[in-house]
Amino acid sequence: MKAYKTLKILVVTPTYGLSGVPLAQSRLSKALAEEGHNVTLMIGNNNQSFTLQKIPSIRRIILNKSRVIAMFFPILKYFLSYQTDVVFTAEDHLNTVVLAAAILSNTKAKIVCSSRVTPYDTFSDDFFTKRWVLKILVQLVSFRADLFTCVSEDMVSQYKQIFPSSRHVCVYNIIATHDSLKSASEPVDHPWLSNKSKPVFIAAGMLEPWKGFDTLVQSFSAVVKVTPSRLIILGNGSQKARLLDLASELGISEYVDFPGYTYNPYSYFSKSDIFVLSSRVEGMPNVLIEAMLCGCTPVATNCPTGPSEVLKNEKYGYLCPVDNVSAMTDKLLFALSTPLPQKLLREGITAFTKRNVLDVYGKLLKYEFINPNSGISNEII
């Protein structure tokens, strides 16, 4: 491995908001900057619903491009204007744009392309569809990538099925951080948690069909008949009205709350008893690891991909089948009676710490991303 040196690094994300990819790219940027690297975070479009948080020591470029394809020329111009050692990009559409710009600019930068969602939702063999065109384009420019990564081993297997010559390997996101742990200790303005008298189940995510919150609400309606408890679901989305109606139909409206988005879900997680991931499909459920970091015992559907990999087949939490109301009910009740110790949950998230993730990247790219003089003070485990 080469001797440690300060690198010029570009991290690219299509949008900024409270969702998996932008949060992961922001954390990666901050982690690299903390190790003394010269980091630029390029954002395609800032979701106006959220305040763009400043990250110390990071140059930030906001392109104000609502479509990924429109990011091509600004990225090309960047490559032509600035020397860059490493580029970290995420999502297959953006990966393709970055690789095309790298080819045309003849940049010498190493390009790391991360896939964050299942390829079955991104590519297609149906001729002349958009997803078929994307598949062709990815194959044409893939030679320029120095590293293809996925956020779970299950997803790596899926990419190898779609692309037999796939070079994808698994590299996790940085999720377990000091900042998250600090946020977990902050007070929360919710009566069920600030003045807690009954067990609280909590879930978080976009209120969309693939998150399976309808299954969770139905399961909770059975749980609350057995033991007095409460359910909080953080997030917004197209299914909110339907979920409110479902809770009303089941007669549990007074026991379920939908507070919307919060900038600090960690404070909710740390004061709740059970975290529930009810998804029908995931890439790598960051929120599951965040809840474990906060000491919240997890119950998750065994959906593709990620939950079983994180929980190590129930060593670090409880799994249930997708869309199975009775099975989820049983797991929720069991988890409530058999919570997992915080020490075990912390052990389960070791792979998602800054040191572990940067060390994996360093070995794969033959660079030293971790400053050997920084010690291990950045770790939480």
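A short tour of the structure in this document, coming up.

Definitions and limits used
Residues numbered from 1 in each chain as written. Predicted model: local features only at pLDDT ≥ 70, side-chain atom pairs only at ≥ 80, totals over all residues. Heavy atoms only, no water. Pairing = 2+ DSSP bridges. Helix = DSSP H or I, 4+ residues; strand = E, 2+ residues; numbered from the N terminus. Axes fitted to C-alpha atoms, helices over the stretch in contact; angles between N-to-C directions. Buried < 20%, exposed > 50% of the residue type's maximum accessible area, 1.4 Å probe, protein only. Arc of directions from axis to C-beta. Contact = heavy atoms within 4.5 Å. 1 Å grid on protein atoms, 1.4 Å probe; cavity = no way out; pocket = protein on both sides within 12 Å on 5 of 7 lines; lining within 4 Å. Points joined across faces, edges and corners; volume = space filled by probe spheres on them. Nonpolar A, V, L, I, M, F, W, Y, C, P; charged D, E, K, R; others polar. Phe/Tyr/Trp six-rings, centres within 6.5 Å; stacked < 30°, edge-to-face > 60°. Lys NZ or Arg CZ within 6 Å of the ring centre and 35° of its normal. Expected span 1.5 Å × (residues − 1). Parallel < 35°, antiparallel > 145°, perpendicular 65-115°, else oblique. Left-handed = near helix turned anticlockwise from the far one by under 90°. Polar contact = N/O pair within 3.5 Å; in protein donor to acceptor, adjacent residues only side chain to side chain. Core = buried A, V, L, I, M, F, W, Y, C linked by side-chain atoms within 4.5 Å. Salt bridge = Lys/Arg side-chain N within 4 Å of Asp/Glu carboxyl O.

## Some details on the sheet that holds strand E7 (residues 168-170)
Turning to step 1, where the next piece is worked out: One open sheet accounts for seven strands, arranged E3-E2-E1-E4-E5-E6-E7; its pairing is parallel. The strands lining the two open edges of the sheet, one partner per strand, are strand E3 (58-62) and E7. Mean inter-strand twist for the sheet, computed between neighbouring axes without regard to direction, equals 25 degrees.
Turning to step 2, where the next piece is worked out: Pairing analysis gives three bridges linking strand E6 (residues 147-150) to E7, with the strands arranged parallel. Its bridge partner lying in E7, Phe 148 is registered against His 168.

## A word on the sheet that holds strand E11 (residues 274-277)
Strands pair in a sheet through their backbones, by hydrogen bonds, and they do so in one of two ways: parallel or antiparallel.
Turning to step 1, where the next piece is worked out: Sheet architecture is open: six strands sit in the order E10-E9-E8-E11-E12-E13, paired in parallel fashion. The open sheet is flanked by strand E10 (256-260) and strand E13 (318-320), the only strands paired with a single partner. Taken pair by pair, the neighbouring strands of this sheet meet at an average axis angle of 20 degrees, ignoring direction.
Turning to step 2, where the next piece is worked out: With four bridges connecting them, E11 and strand E12 (residues 297-301) associate as parallel partners.

## A few points about helix H5 (residues 153-162)
Turning to step 1, where the next piece is worked out: Residues of H5 that are buried include every one of Met 155, Val 156, Gln 158, Tyr 159 and Ile 162, and no others. Buried residues of H5, seen end-on, are gathered within an arc of 160 degrees and therefore sit on one face of the element.
Turning to step 2, where the next piece is worked out: Check the buried side of H5 and you find it contacts helix H3 (92-105), strand E5 (110-115), helix H4 (130-141), E6 and E7.

## Focus on empty space enclosed by the protein
Turning to step 1, where the next piece is worked out: As enumerated under the stated definition, the model contains two cavities of 30 Å³ or more in all.
Turning to step 2, where the next piece is worked out: By volume, the largest cavity is sized at about 60 Å³.
Turning to step 3, where the next piece is worked out: Together, Ala 24, Gln 25, Leu 28, Arg 116, Tyr 172, Asn 173, Ile 174, Val 357 and Tyr 361 line the largest cavity.
Turning to step 4, where the next piece is worked out: When contributions to the lining of the largest cavity are tallied by element, the ones reaching two or more residues are helix H1 (20-34) and helix H15 (354-365).
Turning to step 5, where the next piece is worked out: Of the residues that constitute the lining of the largest cavity, the class distribution is six nonpolar, two polar and one charged.
Turning to step 6, where the next piece is worked out: Roughly 40 Å³ of internal volume is contained in the second largest cavity.

## Focus on the packing of aromatic side chains
Turning to step 1, where the next piece is worked out: According to the stated counting rule, one finds 16 aromatic pairs in the structure shown.
Turning to step 2, where the next piece is worked out: Members of the aromatic cluster, connected to one another through ring pairs, are Phe 88, Tyr 361, Tyr 367 and Phe 369.
Turning to step 3, where the next piece is worked out: Here the basic side chain of Lys 135 rests over the ring of Phe 163, its NZ or CZ set 5.7 Å away from the ring centre.

## So, the layout of surface pockets
Turning to step 1, where the next piece is worked out: What the second largest pocket holds in volume is close to 440 Å³.
Turning to step 2, where the next piece is worked out: Ile 69, His 93, Val 97, Leu 134 and Leu 137 are the residues nearest the centre of the second largest pocket, which is lined by 15 residues in total.
Turning to step 3, where the next piece is worked out: Counting residues per element, the ones that place at least two in the lining of the second largest pocket are H3 and H4.
Turning to step 4, where the next piece is worked out: Broken down by element, the lining of the second largest pocket gets its largest block of residues, six residues, from H4.
Turning to step 5, where the next piece is worked out: Looking at the lining of the second largest pocket, its residues break down into nine nonpolar, three polar and three charged.

## A short note on H3
Turning to step 1, where the next piece is worked out: Between the first and last C-alpha of H3 there are 20 Å, a value that for 14 residues agrees with the 20 Å anticipated at 1.5 Å per step.
Turning to step 2, where the next piece is worked out: For H3, the tally of buried residues reaches ten of 14 residues, placing the bulk of the element in the interior.
Turning to step 3, where the next piece is worked out: Asp 92, Leu 94, Asn 95, Thr 96, Val 97, Val 98, Leu 99, Ala 101, Ala 102 and Ser 105 are the residues of H3 that are buried.
Turning to step 4, where the next piece is worked out: Taken from the residues just after H3, Asn 106 is the one with a positive phi, measuring 60 degrees.

## What about the packing of H3 against H4?
The description of two helices packed together rests on the angle between their axes and the distance between the axes.
Turning to step 1, where the next piece is worked out: Where H3 contacts H4, the axes come no closer than 9 Å and their chain directions differ by 40 degrees. Relative to H4, the element H3 is oriented oblique. Regarding H3 and H4, the two cross each other, and that crossing is left-handed. Residues Asp 92, His 93, Thr 96, Leu 99, Ala 100 and Ile 103 of H3 touch H4, and the partners they reach there are Leu 134, Leu 137, Val 138 and Val 141.

## A word on the environment of Ser 221
Turning to step 1, where the next piece is worked out: Counting through the fold element by element, Ser 221 comes out in helix H8 (residues 213-226).
Turning to step 2, where the next piece is worked out: With 83 residues separating them in the primary sequence, Ser 221 and Val 138 have C-alpha atoms 46 Å apart.
Turning to step 3, where the next piece is worked out: Looking at Ser 221, its side chain comes within polar contact range of the main-chain oxygen of Gln 218, at 2.5 Å.

## Remarks on the nonpolar core
Turning to step 1, where the next piece is worked out: Of all hydrophobic cores here, the largest spans 72 residues; its most connected members are Leu 216, Ile 233, Phe 269, Phe 275 and Leu 332.
Turning to step 2, where the next piece is worked out: With near-sequence residues (within four places) excluded, Leu 332 lies in contact with Phe 201, Leu 216, Ser 219, Val 223, Ile 274, Val 276 and Val 299.
Turning to step 3, where the next piece is worked out: Judged by nonpolar contacts, the second largest core, of 26 residues, contains Ile 9, Ile 43, Ile 58 and Ile 370.

## Some words on the pattern of salt bridges
Turning to step 1, where the next piece is worked out: Inspection of the entire model under this criterion finds 14 salt bridges.
Turning to step 2, where the next piece is worked out: The salt bridge partner of Glu 290 is Arg 27, with a shortest N-O separation of 2.7 Å. Placement of the pair is Glu 290 in helix H11 (residues 286-293) and Arg 27 in helix H1, with a sequence separation of 263 residues. Accessibility assignment for this pair places Glu 290 and Arg 27 in one class, buried.
Turning to step 3, where the next piece is worked out: Between Asp 214 and Arg 280 there is a salt bridge, with the nearest N and O atoms lying 2.9 Å from each other. Here Arg 280 lies in the loop between E11 and H11 and Asp 214 lies in helix H8, a separation of 66 residues in the sequence.
Turning to step 4, where the next piece is worked out: Beyond isolated ion pairs, a larger network of salt bridges with shared partners links Asp 214, Arg 242, Arg 280 and Asp 323.

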